[in-house]
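The chain contents come next:
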Amino acid sequence: MIEAQELTKRYGGKTAVDGVSFTIAPGSVTGFLGPNGAGKSTTMRMIMGLDRPTSGTVTVNGKPYAEHRSPLSEAGALLDAKAVHPGRSARFHLRTMAATHHIPASRVSEVIEMTGLATVAGKRVGGFSLGMGQRLGIASALLGDPRTLILDEPVNGLDPEGVQWVRRLVRSLAEEGRTVFLSSHLMSEMAQTADQLLVIGRGRILAAGPVQQVIDSVSGAAVRVRSPHAADLAALVAADGAVVSSPEPGVLELGGIDAARVGDIACAHGIALHELSPRSASLEEAYMSLTQDAVEYRSTATRSTAPPSTAASKGTNR
Ligand SMILES: Nc1ncnc2c1ncn2[C@@H]1O[C@H](COP(=O)(O)OP(=O)(O)OP(=O)(O)O)[C@@H](O)[C@H]1O
C-alpha cells in the first residue's frame, strides 16, 4: 500500500509535483500515466525516499520507506536501470545488494532465474543491452521479495516476449496480494496490464480509478444506433436527455444514455433497430483527451504535403 498526502516537490522555481494525494492499493496493478515531465519519476523517487518532499507525506506499507527495518522486503523499485556499476557482473551486483540487506544468496539465484538472466548473470553489466539492463533492474526490485513493487517504465527496451513477460510477472505479483505501481508510455500495454490508473499532468492528478472508469469519465458512455426510423428515435432519446448526433442518414450517435435505455425506448415505441452498439474510447484516446492541456513538450505536426526530402520533419521539444 502506498499513501500520499498533499505530496509536493519543488526544484527551485519549478513545481514538479503539486500537492498530490492518492492511495495505491494492494492486490492490483496500478498504472501511472502522464506526459514527459509530468512528475512520475519524481513521485516514485519520493515514495522510495530518494527525493525529499518539499511538503506533504508519502508512506509505503504504513511508514515512510526509510523508516522500515528491512526496506527491501517492503518495497522494491526499478527507477533507473542504468544505475548499476558497469564493471560488475549481474550476479555480483545482486549478491552485494543481498549481502548488505541480510538476504540469503539463494534468493539471488531465484531472481536471476525469474528474470531470465541465467545465461548472462556472470557477464559485465556494461555490455548489457537495454532489455537485459531492465531485467536486471527488475531482478534487483524483486530481491527482497517485497510487498510493494514500483517500476518506472519497466518494459522500456524489452522485445515483445519481454513485454509479455513483464505483464505476466506484474499480474501474478498483484494476484499474490502485492501492491504494484508502474509507469509506461505504452497505452496498449497499460490497457492490458493495469487494473487501476493514476494519471498525472504538470504535477497534478488528472484522473484516478479503475481503467474503464477513467476511460468512461473522459469519453462518456456512447451508443451507436442504426434504424429505419432514426429521426423518430432521435426525438424520443433527446427528450430523455441524450445528446444526439447523426454522422450519416439512418445512423445516430448518442451520448449521455446507455444502450439498454435506448433499446427500451425503441421497444416501447415499436421502432425497429438494425444496430445497437455501446462504444468506448480506447485508453489512448482517453489519455490524449485528459492530458491535452498538460503536455509540456509537444511535437510540431509533420507536413504530409511536403516533398519526400523535407517530409521527415522532426518533432521539436520546447
Ligand atoms: N533534479 C531535478 N532538478 C530540477 N528539475 C527537475 C529535477 N528532476 C525533475 N525535474 C523537473 O521536474 C519535472 C518532473 O520531472 P519527472 O522526471 O518527475 O517527470 P516524468 O513524468 O517522470 O517525465 P518522463 O515521462 O519524461 O520520464 C520536469 O519538469 C523536470 O524537468
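Residues numbered from 1 in each chain as written. Predicted model: local features only at pLDDT ≥ 70, side-chain atom pairs only at ≥ 80, totals over all residues.

Thoughts on the sheet that holds strand β11 (residues 243-248)
So, point 1. If you walk across this open sheet you meet the 4 strands as β11-β12-β10-β13, and the pairing is antiparallel. Either end of the sheet is taken by a strand with one partner, and the two such strands are β11 and β13 (275-279). Within the sheet, the average angular offset between the axes of one strand and its neighbour, ignoring direction, is 20 degrees.
So, point 2. As paired strands, strand β10 (residues 222-226) and strand β12 (residues 251-255) are joined by 5 bridges and run antiparallel to one another. Counterpart to alanine 222 in the pairing with β12 is glycine 255. (Pairing = 2+ DSSP bridges. Helix = DSSP H or I, 4+ residues; strand = E, 2+ residues; numbered from the N terminus. Axes fitted to C-alpha atoms, helices over the stretch in contact; angles between N-to-C directions.)

Details of unusual backbone geometry
With the exception of glycine, most residues fall at negative phi, and the peptide bonds are largely trans.
So, point 1. With a phi angle near 50 degrees, asparagine 61 is a residue other than glycine that sits in the positive phi range.
So, point 2. Phi angles above zero are rare outside glycine, and histidine 102 is one such case at about 55 degrees.
So, point 3. Following the sequence through the fold, histidine 102 ends up in the loop between α3 (90-100) and α4 (105-114).
So, point 4. The class for histidine 102 is exposed, based on 10 C-beta atoms found within 10 Å. (Buried ≥ 20, exposed ≤ 12 C-beta atoms within 10 Å, placed from the backbone.)

Concerning the sheet that holds strand β8 (residues 196-201)
So, point 1. The strand order β5-β6-β7-β3-β8-β9 describes an open sheet built from 6 strands, whose pairing is mixed. The open sheet has two free edges, formed respectively by β5 (75-78) and β9 (204-210), since each of these has just one partner strand. For this sheet the average axis-to-axis angle between neighbouring strands, irrespective of direction, equals 15 degrees.
So, point 2. When β8 meets β9, the two strands line up antiparallel, connected through 6 bridges. Each residue of the ladder has a partner; that of isoleucine 200, found in β9, is isoleucine 205.
So, point 3. Sheet strands in contact with helix α8 (residues 211-219) are β8 and β9, and its direction is about 120 degrees off that of β9. (Contact = placed C-beta atoms within 7 Å.)

Digging into the confidence of the model for the protein
So, point 1. With 92% of its residues at a pLDDT of 70 or more, the protein has an overall mean of 89.
So, point 2. With pLDDT under 50 throughout, residues 302-318 is counted as low confidence; its partners more than four residues away or in other chains account for 12 contacts.
So, point 3. Scoring the predicted complex yields pTM 0.81 and, for the interface, ipTM 0.96. (pLDDT = per-residue confidence, 0-100.)

Focus: the nonpolar core
So, point 1. In this structure, Ile47, Leu94, Ala139, Leu143, Ile150, Phe181 and Val199 are the most contacted members of the largest nonpolar core, which totals 65 residues.
So, point 2. Among the elements that line this core, the one with the most residues is helix α5 (residues 130-142), at 6 residues.
So, point 3. Among all residues touching leucine 94, those that are not within four sequence positions of it are Val108, Val111, Ile112, Ala139, Ser140 and Leu143.
So, point 4. Counting residues in each nonpolar core, the second largest holds 12 residues, with Ala222, Val225, Leu233 and Leu254 among its members. (Core = buried A, V, L, I, M, F, W, Y, C linked by C-beta atoms within 7 Å.)

Some remarks on the pairing of β8
So, point 1. Where burial is concerned, most of β8 is hidden: 6 out of the 6 residues are buried.
So, point 2. Of the two faces of β8, the one holding Gln196, Leu198 and Ile200 and the one holding Leu197, Val199 and Gly201 are both buried throughout.
So, point 3. As defined by bridge partners, strand β3 (residues 29-33) adjoins β8 across 4 bridges and the pair is classed as parallel. Counterpart to leucine 33 in the pairing with β8 is valine 199.
So, point 4. Between β8 and β9, which pair antiparallel one after the other, the connecting turn spans 2 residues, and arginine 202 there sits at a positive phi close to 45 degrees.

Let's talk about the environment of alanine 281
So, point 1. Among the secondary structure elements, alanine 281 is positioned in the loop between β13 and α11 (283-291).
So, point 2. Under the C-beta neighbour-count criterion, alanine 281 is labelled partly exposed, with 16 such atoms within 10 Å.
So, point 3. Along the sequence, alanine 281 and aspartate 216 sit 65 residues apart, while their C-alpha atoms lie 7.5 Å from each other.

Topic: the site of the ligand
So, point 1. What surrounds the ligand is the set Tyr11, Lys14, Ala16, Gly34, Asn36, Gly37, Ala38, Gly39, Lys40, Ser41 and Thr42.
So, point 2. Those elements that provide at least two residues to the shell around the ligand are β2 (14-24) and α1 (40-47).
So, point 3. Ranked by residue count, the leading element in the shell around the ligand is α1, at 3 residues.
So, point 4. Of the residues assigned to the shell around the ligand, the class counts are 3 nonpolar, 6 polar and 2 charged. (Near = placed C-beta within 6 Å. Nonpolar A, V, L, I, M, F, W, Y, C, P; charged D, E, K, R; others polar.)

Looking at α3
So, point 1. Within α3, burial applies to Ala90, Arg91, Leu94 and Ala98. Angularly, the buried residues of α3 cover 95 degrees about the axis, an arc narrow enough to put them on a single face. α3 presents Ala99 and Thr100 as exposed residues on the side facing more than 90 degrees away from its buried surface.
So, point 2. The elements touched by buried residues of α3 are α4 and α5.
So, point 3. Among the residues trailing α3, histidine 102 stands out with phi positive, at a value near 55 degrees. (Arc of directions from axis to C-beta.)

Overview of helix α9 (residues 230-239)
So, point 1. Here α9 has its buried residues at Ala230, Leu233 and Val237. Burial along α9 is one-sided: seen end-on, the buried residues are contained in an arc of 60 degrees. Opposite its buried face, α9 presents the exposed residues Ala235 and Ala239, each directed more than 90 degrees away.
So, point 2. Looking at the buried side of α9, the elements it contacts are β10, β11, β12 and α10 (259-268).
So, point 3. A positive phi of about 105 degrees marks glycine 241, the residue just after α9.

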